[in-house]
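Letter by letter, the chains look like this.
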Amino acid sequence: MRIRKIYRQIARKNGVTIKEVRSEMQKAILWAYQNPPKDGGITEAYQKCVPCRDKVPTPEEVICFVAGKIQQRENR
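Keep in mind it's a predicted model, so treat the numbers as computed, not measured. (Residues numbered from 1 in each chain as written. Predicted model: local features only at pLDDT ≥ 70, side-chain atom pairs only at ≥ 80, totals over all residues. Heavy atoms only, no water.)

Draft legend 1. Representation of the packing of helix 2 (residues 18-34) against helix 4 (residues 59-74) within the structure. For the pair helix 2 and helix 4, the least separation of the axes is 9 Å and the interaxial angle reads 80°. As far as their axial angle goes, helix 4 and helix 2 are roughly perpendicular. Of helix 4, the residues touching helix 2 (which contributes Arg 22, Met 25, Gln 26 and Ile 29) are Pro 59, Glu 60, Val 62 and Ile 63. Residues belonging to the contact of helix 2 with helix 4 are distributed by class as follows: 5 nonpolar, 1 polar and 2 charged. (Axes fitted to C-alpha atoms, helices over the stretch in contact; angles between N-to-C directions. Helix = DSSP H or I, 4+ residues; strand = E, 2+ residues; numbered from the N terminus. Parallel < 35°, antiparallel > 145°, perpendicular 65-115°, else oblique. Contact = heavy atoms within 4.5 Å. Nonpolar A, V, L, I, M, F, W, Y, C, P; charged D, E, K, R; others polar.)

And the structure:
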């Protein structure tokens with residue numbers, strides 16, 4: 001499934017624009033990276049597994065990473 005189609009489905013379901021969906025996703029990702037839980041670094045270790053160009057991944061990078069993980073599990 002294409003990322004734009006994912007955004008479109010989420011936007012339609014929630015009565016917002018695609019731009020709003022992406023913006024809110026980016027805010028949530030940024031918040032999660034700036035405020036990791038006090039779990040002994042487990043969350044930070046998982047965050048480092050997400051390939052990204054900058055310190056904080058884009059929604060597209062997170063979607064691709066998660067989709068890849070799901071596909072790996074299905075192929076077991």
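Draft legend 2. Region of the structure containing the pattern of salt bridges. One pass over the full model with this rule turns up 2 salt bridges. The closest approach of N and O atoms between Glu 60 and Arg 22, which form a salt bridge, is 2.8 Å. Here Glu 60, found in helix 4, pairs with Arg 22, found in helix 2; they are 38 residues apart in sequence, far enough to count as distant. Between Lys 27 and Glu 24 there is a salt bridge whose closest N-O contact spans 3.1 Å. Taken as a pair, Lys 27 and Glu 24 lie in helix 2 at a separation of 3 residues, close to a single helical turn. For Glu 24, a relative accessible area of 47% puts it in the partly exposed group. (Salt bridge = Lys/Arg side-chain N within 4 Å of Asp/Glu carboxyl O. Buried < 20%, exposed > 50% of the residue type's maximum accessible area, 1.4 Å probe, protein only.)

Draft legend 3. Fine view of the environment of Ala 45. Its location among the elements puts Ala 45 in helix 3 (residues 42-49). Note on Ala 45: relative accessible area 43%, which makes it partly exposed. Placed 19 residues apart in sequence, Ala 45 and Cys 64 show a C-alpha to C-alpha distance of 18 Å.

Draft legend 4. Region of interest: the side chain of Gln 47. By the secondary structure assignment, Gln 47 is in helix 3. Discounting residues that sit within four places of it in the chain, Gln 47 has contacts with Ala 32 and Tyr 33.

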